[in-house]
Structure formats: structure tokens, C-alpha cells
Amino acid sequence: MVSGHILEVSCKKENRTYDCEQMHEEDMSSGKEISMEVDGAEEDDDCNRQKVRKKEKGKKAISNNLVRKIGLYNAILVFVLRSCNDKSPMVRTRALMQIAILLHDENIRSRLLNLSKTPMYVYCCEDEDAKKQRDDPILLRTITTRSLDARVSTRRAAIIALESLFSTLSESQQAEFLTVFQQHCRDPSLLVRKQAAESLSRLLLSFGANTNMLDKVWLTSVLPLINDREQSVVQLASKLVL
């Protein structure tokens, strides 16, 4: 009985040892498979990185050639204009404010209005529709788009930029984009309402003698702000009326 028990115990030990060895071999094989998968993934990542680097180098080379063709000055203007559509609201606002300042210079204004026809802008532009519509006034389209921005500061900056651009517009364009000022006199933000009222009043002083449209828009947009719910808007409207 004792010898049989000893044999049974030794058999169990041998089986356990065999099972452990088998499990160890399985772990080793699975570890090798995992390491092979990791190595394969790393190789794929390296290939992707190399492709991205080559693509970036190609873009830089093309961009540098285009900068040489159109000049660094135009390239900077392209960068400023593209920044109006940046993901960051602060960048969009600052870019629009810079454009509003630059539009006061006749030479720079001419360059900005012709940017959509330059190869640099078409190459850098990520909007496929903008690439197709090269003859459209991209500056005007950008400003009006940003006037509908979700951020208050960006909408306000777009109104300032549109005011600076207003003198270069044709009569039909002026009539079309006067509605932008008109709508923003009823904007939910008091800052935007005040800016729209100020811009319309300045445009009326500058161009009121040449067009009757501004008179009507001013009377229907700025004058009602005397009854605005915000006291600061009422005070501004009172000053503009007087």
C-alpha cells in the first residue's frame, strides 16, 4: 500500500512537472508571437513615419519654390489670410484685426484682394471649393464667413475688417453686405451690437452722400438701439444719434 501511494505521488509530481514545462513552452511561444507582432507594428510605424517625412519634405520644397516665385511679402499675406480660418478663436480674431489694419494701405489692400489668384494661396488652401473658385473674392468670403463665427470676439473683428474693406466694394456688393451690419445690430452679444452700430455710423459719415442705402440701413438698425436692453448700448446709440 505504501509503495503504491509513493508511486501515485511520484506520478502526480511528474505530471505537474510536465504540465509546467508545457505551460512554459506555450508562454514562450506566445511571447515570441507577441514580440513578432510588436516588431511588425514598429516596422509599419517606421514606414509610415518615413512616408510622412518624405511628404513633408516635398511640401516644403514646393512651398519654398512658390515663395520664391510670388515673394515673401505675398506669402506672409497668405499666411495671415489663412489664419482667419484657424481652429483657435484667438488666432482667427487676431488675424482679422491685422487684416483690418492692413486694408487701410492701398497697396496691401490690392495684394490681399488678388491673393486668391496666386499659386501660393491655391497650394496652401485646404478648402477644395476655394481651390476651384479662384476668381472669387476670397478675402470678402473669408470675412463674411467669420462674421457668423461662434466666438464673439471673432464676429466683432470680422465687422471691423468688413468696414475697412467696404470702400473697395462695388455698389451691388455694398448693398449685399450692408445686411451683415444690419443683422449684427441685433446680435445676442452687446459687444457685437455696439461694433456694428459704430461701423455703420462711420460708413454713413464717409459714404452717406453717395448712397441712400446707408441712410435706410442706419435708420432701421442703429436708431432702434436706443431702446436696447443693455444700458451701455443705449448710451452708445444716443451718442451716435446726437
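Parameters at a glance
- Residues numbered from 1 in each chain as written.
- Predicted model: local features only at pLDDT ≥ 70, side-chain atom pairs only at ≥ 80, totals over all residues.
- Heavy atoms only, no water.
- Axes fitted to C-alpha atoms, helices over the stretch in contact; angles between N-to-C directions.
- Helix = DSSP H or I, 4+ residues; strand = E, 2+ residues; numbered from the N terminus.
- Left-handed = near helix turned anticlockwise from the far one by under 90°.
- Contact = heavy atoms within 4.5 Å.
- Nonpolar A, V, L, I, M, F, W, Y, C, P; charged D, E, K, R; others polar.
- Salt bridge = Lys/Arg side-chain N within 4 Å of Asp/Glu carboxyl O.
- Buried < 20%, exposed > 50% of the residue type's maximum accessible area, 1.4 Å probe, protein only.
- Arc of directions from axis to C-beta.
- Phe/Tyr/Trp six-rings, centres within 6.5 Å; stacked < 30°, edge-to-face > 60°.

Under the annotation held in an unreviewed UniProt entry, the chain carries the name EH domain-containing protein and is attributed to Brugia timori.

Q: Please explain the packing of helix α8 (residues 152–165) against helix α9 (residues 171–184) as it appears in this structure.
A: Helix-helix packing is characterised by the crossing angle of the two axes and by the distance between the axes. Viewed as axis vectors pointing N to C, α8 and α9 meet at an angle of 145°, and their least axial separation amounts to 11 Å. As α8 runs across α9, the sense of the crossing is left-handed. Across the interface between the two elements, R155, I159, L162 and E163 of α8 pack against F177, V180, F181 and H184 of α9. Partitioning the contact of α8 with α9 into residue classes produces five nonpolar, one polar and two charged.

Q: Is there a simple way to think about the pattern of salt bridges in this case?
A: In a structure, side chains of opposite charge can pair up when their charged atoms sit close to one another. A full pass over the atoms with the stated rule returns five salt bridges. For D187, the salt bridge goes to R155, with nearest N and O atoms at 2.8 Å. Taken together, the positions of D187 in the loop between α9 and α10 (190–207) and R155 in helix α8 put the pair 32 residues apart, joining distant regions of the chain. Judged by its relative accessible area of 10%, R155 falls in the buried class. Salt-bridge contacts for D228 lead to R193; the nearest nitrogen and oxygen are separated by 3.0 Å. Linking D228 in the loop between α11 (213–221) and α12 (231–241) with R193 in helix α10, this pair joins segments that are 35 residues apart in sequence. Connected through salt bridges with shared partners, the residues R92, R146 and D149 form a single ionic network.

Q: Help me understand α11, please; the structure alone is not making it clear to me.
A: Since there are 3.6 residues in each turn of an α-helix, residues three or four apart along the chain are aligned in direction. Within the span of α11, buried status applies to L214, V217, W218 and S221. The arc enclosing the buried residues of α11, seen along the axis, measures out at 100°, which places them on a common side.

Q: Sorry if this is basic, but what is going on with the packing of aromatic side chains here?
A: Aromatic ring pairs are described here by two measures, namely the spacing of the ring centres and the angle between the planes. Counted according to the given criterion, the structure contains two aromatic pairs. With a centroid separation of 6.3 Å and an interplanar angle of 75°, the aromatic rings of F166 and F181 are classed as edge-to-face. With F166 in the loop between α8 and α9 and F181 in helix α9, the pair connects residues that are 15 residues apart, well separated along the chain. Note on F166: relative accessible area 1%, which makes it buried. Summarising the aromatic geometry, the rings of F166 and F207 are spaced 5.9 Å apart at their centres and angled 55° between planes, so their arrangement reads as tilted. Here F207 lies in helix α10 and F166 lies in the loop between α8 and α9, a separation of 41 residues in the sequence. According to the relative accessible area criterion, F207 is partly exposed, its value standing at 21%. Each member of the aromatic cluster is reached from another via a ring pair, and the members are F166, F181 and F207.

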